[in-house]
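Residue-level structure breakdown
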Amino acid sequence: MSAEAADREAATSSRPCTPPQTSWFEFLLEEALLEQHLRKPSPDPPPVQLIVQFLEQASKPSVNEQNQVQPPPDNKRNRILKLLALKVAAHLKWDLDVLEKSLSVPVLNMLLNELLCISKVPPGTKHVDVDLSSLPPTTAMAILLYNRWAIRTIVQSSFPVKQVKPGPPQLNVMNQMQQEKELTENILKVLKEQAADSILVLEGALKLNKDLYVHTIRTLDLLAMEPGMVNGETESSTAGLKISAEEIECQVCYDLGAIYFQQGSTNAAVHENAKEKFFRTKELIAKTGSSSLHCTIDEERLAGYCQACGVLTSSSDDSSQQATPYSQIHSCMKSGNYQDLVKIFLEDNLALSLPVQFRQSVLRELFQKAQQGNDALDEICFKVCACNTVCDVMQGRTIDIQFCQLFLKPSKEKIDFLLEVCSRSINLESASESLKRKMAAFLKNLCLGLEDLQLVFMISSHELFIKLLKDDERKLLIDQMRKRSPRINLCTKPVTSFYDIPASASVNIGQLEHQLILSVDPWRIRQILIELHGMTSERQFWTISNKWEVPNVYGNVILGIKDNLTRDLVYILMAKGLHCSAIKDFVHAKQLFAACLELVTEFSPKLRQVMLNEMLLLDIYTHEAGAGVSGERPPSDLISRVRGYLEMRVPDIPLRQVIAEECVAFLLNWRENEYLTMQVPLPLVQTNPYVKLGQLLAATCKELPGPKESRRTAKDLWEVVVQICSVSNQHKRGNDGRVSLIKHRESTLGIMYRSELLSFIKKLREPLVLTTILSLFVKLHNVREDIVNDIAAEHISIWPSSIPNLQSVDFEAVAVTVKELVSYALTINSNNHFWLIIQADIYFATNQYSAALHYYLQAGAVCSDFFNKMVPPDVYTDQVIKRMIKCCSLLNCHTQVAILCQFLREVDYKTAFKALQEQNSHDAMDSYYDYIWDVTILEYLTYLHHKRGETDKRQIAIKAIGQTELNASNPEEVLQLAAQRRKKKFLQAMAKLYF
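Note that the structure is a prediction, hence the values are computed from the model and not measured.

To continue, consider the state of the cysteines. Using the criterion set out here, one finds zero disulfides in the structure. Of the cysteine sulfurs around Cys 893, a residue in no disulfide, the closest is that of Cys 888, at 5.9 Å. A relative accessible area of 7% places Cys 893 in the buried class. Here Cys 901 stays free of any disulfide, with the sulfur of Cys 888 as its closest cysteine sulfur at 9.7 Å.

This paragraph deals with the packing of helix α41 (residues 833–845) against helix α43 (residues 878–890). One way to put it is that α41 packs onto α43 with a least axis distance of 11 Å and a crossing angle of 40°. Put simply, α41 runs oblique to α43. Remark: the crossing between α41 and α43 carries left-handed chirality. Listed contacts from α43 to Ile 837, Asp 841 and Phe 844 of α41 are Val 880, Arg 883, Lys 886 and Cys 887.

Looking at the protein chain as a whole, its pLDDT mean stands at 80, while 83% of the residues score no less than 70. Note on residues 485–504: pLDDT under 50 across the span, and 30 contacts to partners over four residues away in sequence or across chains.

The next thing to look at is the environment of Leu 191. In this structure, Leu 191 sits in helix α8 (residues 171–193). For Leu 191, a relative accessible area of 2% gives the class buried. Taking the C-alpha atoms as reference, Leu 191 lies 8.3 Å from Thr 153; in sequence the two are 38 residues apart. Among all residues touching Leu 191, those that are not within four sequence positions of it are Tyr 146, Trp 149, Ala 150, Thr 153 and Ile 154.

As a rule of thumb, nonpolar side chains are buried together in soluble globular proteins. Grouped together as the largest cluster of nonpolar side chains are 165 residues, with contacts concentrated most on Phe 777 and Tyr 876. Once you skip the residues sitting within four places of it in the chain, Tyr 876 turns out to touch Tyr 856, Leu 857, Gly 860, Phe 867, Val 871, Ile 881, Met 884 and Leu 987. One finds Leu 55, Ala 142, Ala 274 and Ile 285 within the second-largest nonpolar core, a separate group that totals 75 residues.

To continue, consider the packing of aromatic side chains. The final tally for this structure, using the stated rule, is 17 aromatic pairs. Between Tyr 931 and Phe 986, the ring centres sit 5.8 Å apart and the planes meet at 55°, which makes this aromatic pair tilted. One end of the pair, Tyr 931, is in the loop between α45 (909–916) and α46 (935–948); the other, Phe 986, is in helix α48 (residues 972–994), with 55 residues separating them in the sequence. Taken as a pair, Tyr 931 and Phe 986 share a single burial class, namely buried. Positioned above the aromatic ring of Phe 903 is the side chain of Lys 983, whose terminal nitrogen or guanidinium carbon lies 5.3 Å from the ring centre.

The subject of this paragraph is the packing of α41 against helix α42 (residues 849–862). As a packed pair, α41 and α42 sit with axes 8 Å apart at the nearest point and diverge in direction by 165°. Considering the angle they form, α41 stands roughly antiparallel to α42. In terms of crossing hand, the pair formed by α41 and α42 is left-handed. Two secondary-structure elements touch here, α41 through His 833, Leu 836, Ile 837, Gln 839, Ala 840, Asp 841, Tyr 843 and Phe 844 and α42 through Tyr 849, Ala 851, Ala 852, Tyr 855, Tyr 856, Gln 858, Ala 859 and Val 862. Partitioning the contact of α41 with α42 into residue classes produces 12 nonpolar, three polar and one charged.

What follows is about the pattern of salt bridges. Inspection of every chain in the model, using the stated rule, returns 32 salt bridges. Here Glu 420 and Arg 424 are joined by a salt bridge, their closest N and O atoms 3.3 Å apart. One end of the pair, Glu 420, and the other, Arg 424, are both in helix α20 (residues 412–424), four residues apart, so they sit about a helical turn from each other. Overall, the relative accessible area of 38% leaves Arg 424 in the partly exposed class. In this structure, Arg 633 engages Glu 672 in a salt bridge whose closest nitrogen and oxygen atoms are separated by 2.8 Å. Here Arg 633 is found in the loop between α31 (605–625) and α32 (636–646), whereas its partner Glu 672 is found in the loop between α33 (657–669) and α34 (673–679), with 39 residues between them in sequence. Here the salt bridges do not stand alone but share partners, grouping Asp 97, Glu 100, Arg 148, Arg 152 and Asp 255 into one network.

Trans is the common state for peptide bonds, and a negative phi is the common state for residues other than glycine. Although it is not a glycine, Arg 671 adopts a positive phi angle of roughly 55°. With respect to the element layout, Arg 671 can be found in the loop between α33 and α34. Of the residues examined, Arg 671 reaches a relative accessible area of 47% and is grouped as partly exposed. Of note in this structure, Phe 867 is not a glycine but carries a positive phi near 70°. Along the chain, Phe 867 turns up in the loop between α42 and α43. Judged by relative accessible area, Phe 867 falls into the buried class, the value being 2%.

Definitions and cut-offs
- Residues numbered from 1 in each chain as written.
- Predicted model: local features only at pLDDT ≥ 70, side-chain atom pairs only at ≥ 80, totals over all residues.
- Heavy atoms only, no water.
- Disulfide = S-S within 2.5 Å.
- Buried < 20%, exposed > 50% of the residue type's maximum accessible area, 1.4 Å probe, protein only.
- Axes fitted to C-alpha atoms, helices over the stretch in contact; angles between N-to-C directions.
- Helix = DSSP H or I, 4+ residues; strand = E, 2+ residues; numbered from the N terminus.
- Parallel < 35°, antiparallel > 145°, perpendicular 65-115°, else oblique.
- Left-handed = near helix turned anticlockwise from the far one by under 90°.
- Contact = heavy atoms within 4.5 Å.
- pLDDT = per-residue confidence, 0-100.
- Core = buried A, V, L, I, M, F, W, Y, C linked by side-chain atoms within 4.5 Å.
- Phe/Tyr/Trp six-rings, centres within 6.5 Å; stacked < 30°, edge-to-face > 60°.
- Lys NZ or Arg CZ within 6 Å of the ring centre and 35° of its normal.
- Nonpolar A, V, L, I, M, F, W, Y, C, P; charged D, E, K, R; others polar.
- Salt bridge = Lys/Arg side-chain N within 4 Å of Asp/Glu carboxyl O.

Okay, here's the thing in structure tokens:
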């Protein structure tokens, strides 16, 4: 190994830092080796971590003979260590980019303070009060370096930092990290307080207009000599490494621009200053060149800053800035000129200059404005989303879910605009085959996703569609559409040419079938069928659309009609009427049913009664969706017809079970309990399960306000539901001779299946009926032997507390039913606090503690005007409070636990004190102390913080105790008012956290 290599090895591998472990002679020898390494013409850069080691050794406190910790002494050893740290930084030419990447804030702060000290800057002097032009060049440069670093550190601290995944916990490492974190926060606090002074210092530096010098290893050696040996060389203008005035101005402008830009988030006017500084930086880089040794600017970041400033400060007279799409979009959003915004997006679909993230952010902002009540923006949202979607398609990305949601209800206008976007997003002459394939696939899938044939024709007849898809592809698409909707002829050419085809019998039939599918006018339907049957007698026209569905109980009767025209007409009128009823188009449904009733009255009493039943169901739907929503009672005529249907005894009439179901639900919803309980015929109760269930529910609800002894009907209802939720067991012998037990989830022992019961309950809207059936299922859920956490419910005490045969009940199905029922109940009334408590208990029982807290808090909020009034004690019982405490504890929110312990009738000090002892708390900790009104807890907090040496937190606790309204000598009503006020504020704070 050569001598040079040996020196280099010694400088980089050895650690000249620990005099306590080596002799003083060895330490000086290692120092000499490092200096020899640094003075070579092109040495390897030493590890920046040497600075950390030198400064840590120099700042290590000493211990005197009495074992008392003393500040680090100002002796020769420590001065040499600090000097070595400065020399390593000087070797790196004081490049802040390198130093900031490798050194923590506390270490770099210590290093730059040592630089100020060795550069003869008087300690305690405010830099803003110093005239830089009168100082030696190296001293002025040291002040500039410190203030540049201060500004850069403030800016850097405002950026989000990705949390490093911690390794295995080690107590000493965690303590060290915590100390460093607190030290960094304290330094940042001081730097932010002095930010205005640092900005003034840097602004003053821009006026110097002269070269400065930064310390080198040589000048640091000269400063370290005895004062008589320096001969004033470091005071001259040529000592150190020269930094030109242009390089200084460039660096300072960039750093000032960054701090101004950061301040612009709270003061928009400052963006002008940032813009001025960044554009000046750009000019200076162009002038000095990017190869400058001492001026290192991230030009990509600078370009981003310039672009952002150009957008944020764009003005009407700045044509260069207005030319950028970013500034144009910003201007359009600011002024509300959304039509021009859409034009910009349309043009960019061809240019593709806007990043996808920017496009999505603009769309998100538009959605937010639309959700705030600006309905006019719905169309703009769709147009921008369409532009983004076509752009995604062209670049091979998946289609966003937002487009699918906005395109759920397609219209002619939406299709028109989408086709315009597609046409303007591709240049067919220059586009690659890959781009054409992507666009063709998009249009093809668009056709397959549409149900409205007129909209399909719009796309398939468009010029772009015809050019992109070959003849065989269009034929294949037509075959796919035919499979989806039989007997429909789709046009393979533009609509205009379709009508130029000479009229033939098959073309006329296709046109008439198309009109038959689209029409909802009963008289027009009749006319079309007459024309079709006049053309051909071989076709069954009720089969031309697979969307026409009639229940099987009706289909058998209708298809038995011998006359083909009458059969088609009755089937189509009923199918279209049922479809209109399903989509809540009740006006057309009524017209279609009335026409069908008039038709069948002439020849079929059976079908006449069927149509009367369907019209009754339609009238129920119409009232429930209209006047019933506002609470208006149905007319007496409708109630009489419902009763008449239930009591009907006409033989051989095909009946749909859903009509009986809706009739019973209708009577329960409008509190016709008297009829269901006393007047409904007994044979009907015995034959119709829904009537029996309705009678039991009505009787139970009727008894609820009365004495607790009248529980007979409640027991009957309980037995019926238990039987429905029971499983039937069967034994089966396998091939090996063993007998296995088979459980059938849907029991046939009850009056109906559990799924049918759930479907029926979801038709109920009356709160008392819902509360009754919900409390029954909650009680059934709680009866289970292995249940850990009971669910609370209103009126739960009316149900039996045991079941003779527990093994027969399918408790898994019961648990699922409880969840579904409470979710449904909350859609009926989301402000029912008892239902909210049930939902919270369910989440608590399934270990979803954050969701449980959400619903516990919501239950309190809805019955107390968002906690402005006292929450009723029957809502926030001790059990509810204890469950809230457990939720907070398991979420590591221990301060919240201590506060909630005060809500109990008897304060749970043991739990509160144990929670406050936890140091790993995920809540706001001391900022919650203002919500504590129990002086004992506050005194314990004071003691705890004193014991831990947490002075600041102890002062907060003392301040909370010192509030006059908590004085134990106050009257009881004053103490109660103070507690109530703190309860209100705490619960409101919790609600904002969990809602």
